[in-house]
Amino acid sequence: MLKAHDLITSPAYVVLKAANEFKNKTTAITQLWQTDFTYLNITGWGWHYLSTVLDDFSRYIIAWRRGPTIADAARCRPPFRDDLAHHSDLKSPTRSETTSPAIPG
């Protein structure tokens, strides 16, 4: 909608285009979780971080946490399993046993 009204411009070229889906598609719930962080300016509270964990197959948010620092939001910890793949925009996909010790909390 913004582009249709000339309120946003597109870059002259695309350096790297993300795929619309993962190469190895999930076939059931809890095979792959994706995480993301964003920040929000909450009136009266200031800037807060929001962390979400999304199940790739069901597309449901299975866990979330908000906090005044990114470390607080990073304590979003659904139960990890050894056979679960975890994808974050921070680095390439990893298995849960390599990511769970790195998550504070």
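Computed from a predicted structure; not experimentally measured.

A. Spatial organisation of the overall build of the protein chain. Assigned secondary structure in the protein chain consists of two helices and five strands. Listing each helix as α and each strand as β along the protein chain from the N terminus yields β-β-β-α-β-β-α. The proportion of buried residues among the 105 residues of the protein chain is 26%. Long-range contacts, defined here as pairs at least 24 residues apart, represent 35% of the contacts in the protein chain between residues at least 6 apart. If you sum the accessible surface of the protein chain, you get close to 8200 Å²; carbon and sulfur atoms cover 58% of it.

B. Expanded view of the packing of aromatic side chains. Under the defined criterion, the tally for this structure stands at two aromatic pairs. Each member of the aromatic cluster is reached from another via a ring pair, and the members are Tyr-39, Trp-47 and Tyr-49.

C. Looking closely at the pairing of strand β3 (residues 61-67). Bridge analysis of strand β2 (residues 46-55) against β3 gives six bridges, and the strand direction is antiparallel. Note that in β3 the partner of Leu-54 across the bridge is Ile-61. Where β2 hands over to β3, the hairpin turn is made up of five residues, of which Arg-59 adopts a positive phi near 65°.

Cut-off values and rules
Residues numbered from 1 in each chain as written. Predicted model: local features only at pLDDT ≥ 70, side-chain atom pairs only at ≥ 80, totals over all residues. Heavy atoms only, no water. Helix = DSSP H or I, 4+ residues; strand = E, 2+ residues; numbered from the N terminus. Buried < 20%, exposed > 50% of the residue type's maximum accessible area, 1.4 Å probe, protein only. Contact = heavy atoms within 4.5 Å. Areas by Shrake-Rupley, 256 points an atom, 1.4 Å probe, with all protein chains shown as cover. Phe/Tyr/Trp six-rings, centres within 6.5 Å; stacked < 30°, edge-to-face > 60°. Pairing = 2+ DSSP bridges.

What is shown is where atoms sit, not what they do.
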